[in-house]
Amino acid sequence: MPQTTVTSPNWHTCFPHVVEPYPDEWFAGLLLRCDEMNHRESGTTWRYLLRSTTHPGFGPGSSFIVIPEVMLISLAQRLTISREHLLATTYADALAKLYSPAHPHAGQLLGHRRGVTIPPLLSKSIGNRASATVVGFHVCPICIAQARLLRRTAVLPHLKYCPTHHVAFHTHCTCGSPLILFTRRQQPFVCFTCGLDWAQLPQIQPTQRETMLERDLWILYEFFLVKGTKELKASALSLVRDSVKTQQLLPLKLISGRTLSMLTGNLDNFSLGYVVDILISLGISPDDIMRNALISP
Amino acid sequence: MIERVSDLPRPPFVVHQRFLETPFERRFQGILRKAWKERTWHVVAAVPGSGKSLGIADLLHQSGAYKDTRGSTRLPILAIRAPKNAAREQALGMALSAAFGVVPSMPWAQRRIWLVQIMASTGVECIIIDDAQDLDRLIHLALLKELTDNLAAPPYERPVGLCLVTAHSGNVIPFKETLARPDVLWRQFRERMALIDPYCIVDGHTEEEVRHIFITFEDLYRSQLPDLQLQRWTKSIFNWLTSTILDPDGTKRVTMGHLSKFVVTALRRAYEQGATDVDAATLQAVAELMILRRDDITHMNELPKTLEGDDATDDRNLA
């Protein structure tokens, strides 16, 4: 295991306790774990990164899906790990493959930014304590209990159950307050209102129908985020276009609750979350996409 | 007779940077190790230039401190230098925090709690404060007492050793007078001081110890001065270095700072003259430089020569 000794110049440029990312850990989860390891309130590491780097256009409303290079480098130094190791806590690489030559950004996964969702009433009650919250951010109580782990899946749209433990993700505490990533004057991994540890949230099993839907969603996400290329995405979109043209005479109700009546705009710019939403709703599988890619010119 | 080597230009003189475990260091580190092992509190004094800071650094290097990427950090010895001209307790708090690495800013009330948590989680067993004579007697010592008391209390229950390492002059030990006062704080502080050797003065080197150090110097510089025989000059050098100028307290002991400076300067001069050993004239010239001309003012009115080979370093305890 790599060690920093007191004679190393790194000793004074890294945090007192350094942590390396777990496989598939999400960047924001790593920041929280770093806070907890170093006995600091929730969001301290995040605020430190915000203050110690310049990052135009990036701030408290971030989704932590793509992180500015300067922040990656700064945090890598503070944790004595490589930048590449840290990059793996984001979806930057996967999105770059799917959307090249465009630079990866959170919108490619989540769609148009819906802003920081602190409702006005909530905002009143917590003042400026919420440093960051993420739309659709959810936690698996078992992942938290076992390893204080927030996986990258915590930001994937439409998933409602943990693909590893098959229990419901939580977006709200049992007290009714939304889960907020970083809150001042509060420990990491706890509800900012009642202080309940996220590990204590109930473990709710999915129904059989939900299990199948979640499995299909996860398979599609894995397909795109692990093996995905721009060509495969194009193949998927061509299937969508054909399917909508030939089969969907009536508006299609998507699993997200949105309605699709016709395809407008440049399909290449559809977010991955939206593409997965449509594919699932149309019953298109990764095998269909692969087959279509092989026969397409 | 000292041989001169050929006319071929010699490479620049190299000063060995190795830390020497001198008799002073064994005495000094001995008391630090005792405080570490037995979690006792001491005031440790030595004259300036003895090699206290280097001794602390060496002990820190040997203490087994590490940080691993699983979040485990161990810092058995928390060694800092006392903040200068900063009488606020935050200054000491910041110095203690900085020893752990990068610490994001936080309010002072939060930091004093955090300090106890981080000291407990990193396994601090002994706190060493160098240049402790610069500490504010009331504010800083009260903070040290508070932090160590909180560490010793539940839930941590970790008693820690404390060494206030100070420079001193004469037989006066900083803190002794303060801690002897009747105020409750000082009585409490005195209660925590070690029963054995609470106040220690670590002496410099005797003539015999200097002789032994010269054996080490001969080994280290043999490759550059093949015929080096320093030992035969022990008495003369000892006498020069215990003159009233260099030993104003009349301890009749030699500090490693003076010894290293003397020897390195003499060896460099001999080397640059093409010699293979030092001679009496060179030693005499260096002694004059250190004793008689140490406060001379030099007018810098010529262009500097090349700096090649100029390895001006802090020579204390460096061979």
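A. Up close: the interface of chain A and chain B. On the chain B side, the residues contacting the 25 residues of chain A number 20 residues. Only strand 1 (3–5) and helix 2 (44–52) of chain A provide two or more residues apiece to the side of chain A that touches chain B. Looking at the side of chain A that touches chain B residue by residue, the classes come out as 12 nonpolar, 10 polar and 3 charged. Where strand 1 of chain A and strand 2 (residues 66–68) of chain B come together, 3 bridges link them in antiparallel fashion. Within strand 2 of chain B, the position partnered with Thr4 of chain A by the bridge is Lys67 of chain B.

B. Here's a closer look at helix 10 (residues 256–272) of chain B. Residues and elements named next belong to chain B. Over its 17 residues, helix 10 runs 24 Å from end to end, which matches the ideal 24 Å to within 8%, given 1.5 Å per residue. Counting buried positions along helix 10 yields 14 of 17 residues, so the element is predominantly enclosed. Just downstream of helix 10, Gly274 is the residue with a positive phi angle, here 85°.

C. Structural detail: the sheet that holds strand 1 (residues 41–46) of chain B. All names here are of chain B. In spatial order, the strands read 4-5-6-1-7; together these 5 strands make up an open sheet with parallel pairing. Looking at strand neighbours, the two that pair on one side only are strand 4 (77–81) and strand 7 (199–201), the edges of this open sheet. Ignoring strand direction, the axes of neighbouring strands in this sheet form an average angle of 15°. Where strand 4 and strand 5 (residues 126–130) come together, 5 bridges link them in parallel fashion. Each bridged residue has a counterpart across the sheet, and for Ala79 the counterpart in strand 5 is Ile128.

D. Highlighting the domain arrangement of chain B. All names here are of chain B. For chain B, the domain assignment lists domain 1 (23–201) and domain 2 (207–291). On a C-alpha basis, the centroid separation for the pair domain 1 and domain 2 is 35 Å. Taken together, the contact between domain 1 and domain 2 spans 8 residues of the former and 6 residues of the latter. Class assignment for the residues of the side of domain 1 that touches domain 2 results in 3 nonpolar, 5 polar and no charged.

E. Structural context of the packing of helix 8 (residues 207–221) of chain B against helix 9 (residues 234–241) of chain B. All names here are of chain B. Close contact between helix 8 and helix 9 brings their axes to 10 Å; oriented N to C, the two are set at 120°. Relative to helix 9, helix 8 is oriented oblique. Judged by the sense of rotation from one axis to the other, the crossing of helix 8 with helix 9 is right-handed. Where helix 8 abuts helix 9, its residues Glu207, Val210, Arg211 and Phe214 lie against Thr234, Lys235, Ile237 and Phe238. For the contact of helix 8 with helix 9, a count of residues per class yields 4 nonpolar, 1 polar and 3 charged.

Calculation rules
Residues numbered from 1 in each chain as written. Chains lettered and ligands numbered in written order. Predicted model: local features only at pLDDT ≥ 70, side-chain atom pairs only at ≥ 80, totals over all residues. Contact = placed C-beta atoms within 7 Å. Helix = DSSP H or I, 4+ residues; strand = E, 2+ residues; numbered from the N terminus. Nonpolar A, V, L, I, M, F, W, Y, C, P; charged D, E, K, R; others polar. Pairing = 2+ DSSP bridges. Expected span 1.5 Å × (residues − 1). Buried ≥ 20, exposed ≤ 12 C-beta atoms within 10 Å, placed from the backbone. Axes fitted to C-alpha atoms, helices over the stretch in contact; angles between N-to-C directions. Domains from an automatic or database assignment. Parallel < 35°, antiparallel > 145°, perpendicular 65-115°, else oblique. Left-handed = near helix turned anticlockwise from the far one by under 90°.

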